[in-house]
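Analysis of the macromolecular model
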Amino acid sequence: MLLPATGLFLLLACWQIGVRVLGISPAILPPPLLVARSVQDNAALLAVEGWVTLRESLYGFLLAFIVGVPIAVGIVSSRLLDRMFYPLLIATQSLPKVALAPIVLIWLGTGMESKVAIAALVAFFPIVVDTAAGLRGTSAELLELARVNRATQFQTFRKVRFPAALPFILAGSKVAVTLAVIGAVIGEFVGSDDGLGNLLLVANAQLNTAMAFAALTALAVLGMVLYAAVAGIEMLLRPWLGEVRHG
Amino acid sequence: MSAAIASATTAAEPFARILGVGKSFGEPRGRFQTIALQAVEYDIAQGELVALLGPSGCGKTTLLNIIAGLTTASVGHVEIRGRRVTGPAEDVGFVFQTPNLMPWRTVLANVMFPMEILGRAGPAAKARARDLLAMVGLSAFVDQRPMALSGGMKQRVALCRALIHEPSMLLMDEPFGALDELTRMEMHDLLLDIRRMSATTVVFVTHSISEAVYLADDILVFSARPGRITQRIRVTLPYPRSAATRYSAAFTQLERQAGTALGVVHPDA
Ligand SMILES: Nc1ncnc2c1ncn2[C@@H]1O[C@H](COP(=O)(O)OP(=O)(O)O)[C@@H](O)[C@H]1O
Ligand SMILES: [Mg+2]
């Protein structure tokens with residue numbers, strides 16, 4: 001904790017001094033202290049817009065989770081579903097989902113729904129793939145244990161496969177939640193009248209670079225908060241998850 | 001009188017029968033076909049410990065899995081108490097080569113797993129699980145995760161899990177193979193203790209000659225692929241068996257006999 005903080009401080013110090021020494025205009029690259037001032041002056045605005053983006057990202061992530069986990073279960077449980085949809089899923093992954101954003105906006109409007117949808121679209125893939133990998137990766141011996149004890153398919157899933165996959169699901173969620181923020185901001189870029197993405201565009205248009213950097217800072221904090229939330233859940237489950245990650 | 005005869009024949013009836021069991025993997029007569037087992041015929045007596053002894057890859061695990069109903073035989077079949085095995089049976093306990101514990105469950109919850117599946121995970125079962133864990137000396141670890149245990153302790157948990165539903169037959173696949181020698185000898189005595197307290201019939205897979213002699217009533221020596229019984233050795237060492245047993249002349253004699261059957265001891269050496 002101390003070393004990264006020191007690193008960050010050194011970086012900011014170089015930035016501050018560099019901008020001064022090289023005489024770079026604040027409209028091009030504002031020094032950190034100016035950005036800090038802007039954050040301070042616009043704290044209320046950043047909080048309001050940040051709250052919008054946070055909700056869009058979080059709802060998008062949750063939607064991806066609620067849809068993605070059952071789809072992964074389906075793919076893993078049924079050979080037919082697997083053969084029919086898994087290649088399709090991988091294929092659609094090569095499609096840049098950013099390109100879908102304008103279309104989603106046409107369908108769902110410029111309100112929150114479209115941002116949630118785009119965030120979910122982006123977060124969906126890692127959740128499905130990691131959950132499927134976790135469910136598939138359940139140790140053959142544990143499955144044999146379930147079989148020798150005459151566990152039903154459902155019991156095997158609930159008591160063996162799902163707990164064994166949980167570390168993978170959480171790993172996928174950590175990636176997904178940061179992607180959800182990106183998805184939400186893209187949605188705001190394409191069309192919106194609130195959120196940090198929108199604030200960033202507005203500040204840019206006004207050449208208020210300090211404000212743009214302030215919005216960027218808020219976005220970074222938001223991403224970290226969401227990541228930390230998932231990592232926190234993972235940490236809480238650590239004794240429960242045990243060594244399964246390596247097994 | 002007819003009742004007396006009936007009960008006498010029941011007593012003589014083997015607990016389980018392996019009837020002409022053969023197993024091949026891969027396409028029949030295909031290029032990559034492996035004949036794992038061939039014409040295995042044997043009656044397992046009630047309450048005895050049968051050791052399946054043979055080199056690695058001779059089909060011991062395959063035979064154990066067929067008895068457990070985890071694998072189907074290509075030819076022949078297995079009967080337990082006169083009933084043909086078609087799938088895993090409720091009153092069988094299985095101990096794997098690795099402890100095979102669920103790392104996310106506590107020791108107690110791991111032992112309770114079979115009872116949960118049977119829908120009998122009540123307080124009585126919990127009490128029994130605690131008793132079993134106390135018997136194997138793990139009372140202090142009941143609420144720990146497997147991660148905190150040594151290899152020998154984990155295998156003791158696995159043993160408790162296999163015994164929790166009071167199975168009439170215990171199937172063990174090289175259960176102590178991964179343990180160090182001292183721990184393994186402790187586990188041997190633990191298994192002998194368990195057998196003294198319950199009349200469980202045991203099928204025990206091993207590739208250790210001394211382990212087979214120390215534990216078994218009957219040793220089936222298997223040949224390398226295709227696996228078949230080349231010799232049956234009756235172990236008449238008296239119970240209780242202890243460290244002293246390992247140094248008796250009879251023990252050495254049986255080891256030599258099994259070694260000869262396996263081809264690792266030259267007959268006239
Ligand atoms: N599922 C399987 N598919 C193909 N071959 C198998 C399979 N299981 C076992 N075998 C083969 O059958 C033979 C016996 O295996 P196994 O019963 O595991 O031997 P052991 O337990 O005595 O070491 C080996 O040659 C092994 O390669
Ligand atoms: Mg084996």
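Residues numbered from 1 in each chain as written. Chains lettered and ligands numbered in written order. Predicted model: local features only at pLDDT ≥ 70, side-chain atom pairs only at ≥ 80, totals over all residues. Heavy atoms only, no water.

A short note on the site of ligand 1
All names here are of chain B. Our working rule: Distances are taken per atom, and a residue is near a molecule or strand as soon as one of its heavy atoms is within 4 Å of it. The term polar contact refers here to a pair of N or O atoms within 3.5 Å; inside protein, the definition further demands a hydrogen-donor-capable atom paired with an acceptor-capable atom, and it admits residues adjacent in sequence only when both atoms are side-chain atoms. For accessible areas, the Shrake-Rupley method is used with a probe of radius 1.4 Å. Any residue's cover is judged against the shown protein chains and nothing else. Helix and strand definitions here come from DSSP, where helices need a minimum of 4 consecutive H or I residues and strands a minimum of 2 consecutive E residues; each element is numbered from the N-terminal end.
Around ligand 1 sit Phe-25, Thr-34, Ala-36, Pro-55, Ser-56, Gly-57, Cys-58, Gly-59, Lys-60, Thr-61, Thr-62 and Arg-225, and those are all the residues in its vicinity. In the environment of ligand 1, an oxygen atom lies 2.7 Å from a nitrogen or oxygen atom belonging to the side chain of Thr-61. Thr-62 places a side-chain nitrogen or oxygen 2.5 Å from an oxygen atom of ligand 1. When the free accessible area of ligand 1 is taken as 560 Å², the share hidden by the protein chains comes to 62%. Secondary structure elements with two or more residues in the shell around ligand 1: strand E2 (34-44) and helix H2 (60-68). With three residues, the single largest contributor to the shell around ligand 1 is H2.

Focus: the domain arrangement of chain B
All names here are of chain B. Worth spelling out the cut-off: Residue ranges for the domains trace back to a domain assignment, done automatically or taken from a database. Buried area: the sum, over both parts, of the accessible surface (1.4 Å probe) that disappears when the two are put together. Throughout this description, the term salt bridge denotes a Lys or Arg side-chain nitrogen within 4 Å of a carboxyl oxygen of Asp or Glu. Polarity classes work like this: nonpolar for Ala, Val, Leu, Ile, Met, Phe, Trp, Tyr, Cys and Pro, charged for Asp, Glu, Lys and Arg, and polar for all others, with Gly in that last group.
The domain boundaries assigned to chain B delineate domain 1 (3-91 + 170-262) and domain 2 (101-166). Inter-centroid distance (C-alpha atoms) of domain 1 to domain 2 is 25 Å. Buried area between domain 1 and domain 2, summed over both chains or domains, comes out near 1000 Å², and the portion from carbon and sulfur atoms is 80%. Together, Glu-90, Leu-190 and Ile-194 form the three largest contributors to the area buried by domain 1 at its contact with domain 2, with a combined 40%. Between the two partners, domain 1 and domain 2, sit one salt bridge. Between Glu-90 and Arg-120 there is a salt bridge; the shortest N-O distance is 3.9 Å. Where domain 1 packs against domain 2, one counts two residue pairs in polar contact (both at pLDDT 80 or more). Taken together, the elements giving at least two residues each to the side of domain 1 that touches domain 2 come down to strand E7 (169-173) and helix H6 (181-197). Top contributing element to the side of domain 1 that touches domain 2 by residue count: H6, with five residues. Among the residues making up the side of domain 1 that touches domain 2, the classes are represented as nine nonpolar, one polar and one charged.

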